[in-house]
Amino acid sequence: MAIDASDRKEWAREHFHGFENVLMPSFTPDLAELDEEGIRRDVRNSISHGFFSTLCSIETGLSFEEKKRFMQIAAQEAGDKISVAFSLAGDTLEENKLLLEHAERAGLSHALLSYPHTFRPTSEDEIYEYASEIIDSTNLGVYLFVSDKFGFQNVNPSGVPFSAFDRLADRPNVIAMKLGGMDSGVIFEAFERYGSRVLVCTLNIGLFPLTVKHFGQQWSGAWTVEALQTPEQPLAVQFFDLLRAGEEDEAMEIYWRLAPALGAMGALMAPLIPSGAYHWPQLKYYQWLGGGNGGMTRQPVMRLYQRNLEMIKGGMRAAGLRIADEPDDAFFLGRTFAADEAVAPTGAAA
């Protein structure tokens, strides 16, 4: 049943509980085509992790038609078992509006507001006008994104267009806000300023004991939660659920158990946060260790080194997580093709 834009805030309050992960496309080993079965596998794996939603990352070397197909495959496989969102990371405003139209027809529920690389606003009014045109064009829920990667320091020293967001937060289908950075001042002000109007979340899991207790944070996304759990051992989900149930002592026992995995994740990901870049193969490797499809993504892409793989596996094993013990070479093919001896790898860890 279609949900009208005016009902999206209420819908989000009811449905945004727990984690939203990131769904990356899978490709054939030669990277020529989408691997539909690999995408479907990752949707099923997201469901088995206990996430309430998965977000299609379309900024992963896809053509316009492939972006649409990727979202459609994900929504078909998800059915009513998990919500499907996507990042509004098209190259232009018009492309993003077309993608929203397609997403609504395909059955997606919400979208993460982003901005094209060519978008260079000189005022918060320009940010507001761009976002308004996106938001007004769809019945889908839209959530706001706070990230240094947009380079908005020229309009506000914090990098956050607070006055633009003040006006956007009251829009009926603006449902949430993702705080992608780790600055505690920005996190505090965003929760204080917008928490009564939209569902604010931080990705900083170390702050969850505070943000859940004092601000009622009920969701977090989109990020690769698979760095901290497997479907059989959903430790991050359990940690968050216990905090939200007021079982803080039990939650903190899990948090400290996760410390080695958190340390490895931070060491690998923290240097990339200020750059606004995502290491797609590294993120897919985390998912592969917990039963996901794996496989490489198209350029532009960062190289995945064996030392990275060993750090990831070491942190997860030190946290007591039982992860895949298959040869790493199988990751580079993806599970759809790894068992096919006739298909040779197109890349390997260097």
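Everything numeric in this text was worked out from a predicted model, so none of it was measured.

Draft legend 1. Summary view of the confidence of the model for the protein chain. On average, residues of the protein chain carry a pLDDT of 94, and 97% of them reach 70 or more. Low pLDDT, under 50, characterises residues 341-350; the predicted model gives this stretch 17 contacts beyond four residues in sequence or across chains.

Draft legend 2. Broad picture of the nonpolar core. Among the nonpolar cores identified, the biggest contains 115 residues, and Phe-86, Met-177 and Leu-228 are the most heavily contacted of them. Excluding residues within four positions of it along the chain, Leu-228 makes contact with Ile-205, Trp-223, Leu-235, Ala-236, Leu-258, Ala-261, Leu-262, Met-265 and Leu-321.

Draft legend 3. Just the packing of helix α8 (residues 208-215) against helix α9 (residues 235-244), in detail. α9 packs onto α8 with a crossing angle of 35 degrees between their chain directions and a minimal axis gap of 9 Å. α9 is crossed by α8, and the crossing has right-handed handedness. Across the interface between the two elements, Phe-208, Pro-209 and Val-212 from α8 touch Phe-239, Phe-240, Leu-243 and Arg-244 from α9. Within the contact of α8 with α9, the residues separate by chemical class into six nonpolar, no polar and one charged.

Draft legend 4. Highlighting the side chain of Thr-211. With respect to the helices, strands and loops of the structure, Thr-211 is situated in helix α8. With a relative accessible area of 3%, Thr-211 lands in the buried category. Within polar-contact distance, the side chain of Thr-211 engages the side chain of Gln-217 at 2.7 Å. With sequence-adjacent residues up to four places away left out, Thr-211 is seen in contact with Phe-191, Thr-202, Gly-216 and Gln-217.

Draft legend 5. Representation of the sheet that holds strand β8 (residues 219-220). Pairing is parallel in the open sheet, where eight strands are placed in the order β7-β6-β5-β4-β3-β2-β1-β8. In this open sheet, the two edge strands, each paired with only one partner strand, are β7 (199-202) and β8. Two strands pair when backbone bridges link them, and strand β5 (residues 141-146) and strand β6 (residues 174-179) are joined in this way by five bridges, in the parallel orientation. Looking at β6, one finds that Phe-145 is bridged to Lys-178. Here helix α7 (residues 184-194) sits on the sheet and contacts β5, β6 and β7; the angle it forms with β7, its principal contact strand, is near 170 degrees.

Draft legend 6. Broad picture of the pairing of β6. With respect to burial, β6 is a largely interior element, six of its six residues being buried. Crossover β5 to β6 through helix α6 (residues 162-168) is right-handed. Relative to β7, β6 is paired through four bridges, and the arrangement is parallel. Each bridged residue has a counterpart across the sheet, and for Lys-178 the counterpart in β7 is Cys-201.

Thresholds, definitions, all that
- Counting restarts for each chain, with residues numbered from 1 along the sequence as it is written.
- In view of the model being predicted, local features appear only for residues whose pLDDT reaches at least 70, and side-chain atom pairs are presented and counted only at 80 or more, with totals across whole chains, interfaces and linings using the full set of residues.
- Hydrogen atoms and water are omitted, and side-chain values are computed over all heavy atoms in the structure.
- Predictor confidence is given residue by residue as pLDDT, running from a minimum of 0 to a maximum of 100.
- Should any heavy atoms of two residues lie within 4.5 Å, those residues are considered in contact.
- Note on terminology: a nonpolar core comprises buried Ala, Val, Leu, Ile, Met, Phe, Trp, Tyr and Cys residues joined through side-chain atoms within 4.5 Å.
- Here's how the labels work: a residue is buried when its accessible area is under 20% of the maximum for its type, exposed when over 50%, partly exposed in between, all with a 1.4 Å probe on protein chains only.
- Axis definition: a line fitted to C-alpha atoms, limited for helices to the stretch in contact. Angles are taken between N-to-C directions and run from 0 to 180 degrees.
- Helix and strand definitions here come from DSSP, where helices need a minimum of 4 consecutive H or I residues and strands a minimum of 2 consecutive E residues; each element is numbered from the N-terminal end.
- Working rule for handedness: look at the near helix, and if it is turned counterclockwise from the far one by less than a right angle, call the crossing left-handed; if clockwise, right-handed.
- In this classification, Asp, Glu, Lys and Arg are treated as charged, Ala, Val, Leu, Ile, Met, Phe, Trp, Tyr, Cys and Pro as nonpolar, and every other residue, Gly included, as polar.
- Pairs of N or O atoms within 3.5 Å make up the polar contacts considered here, provided that, within protein, one atom can donate a hydrogen while the other can accept it, and that residues adjacent in sequence are counted only when both atoms are side-chain atoms.
- The pairing criterion for strands is at least two bridges between them, as found by DSSP.
- Consider the strands pointing away from the viewer: the crossover is right-handed when the path from the first strand over the helix to the second runs clockwise.

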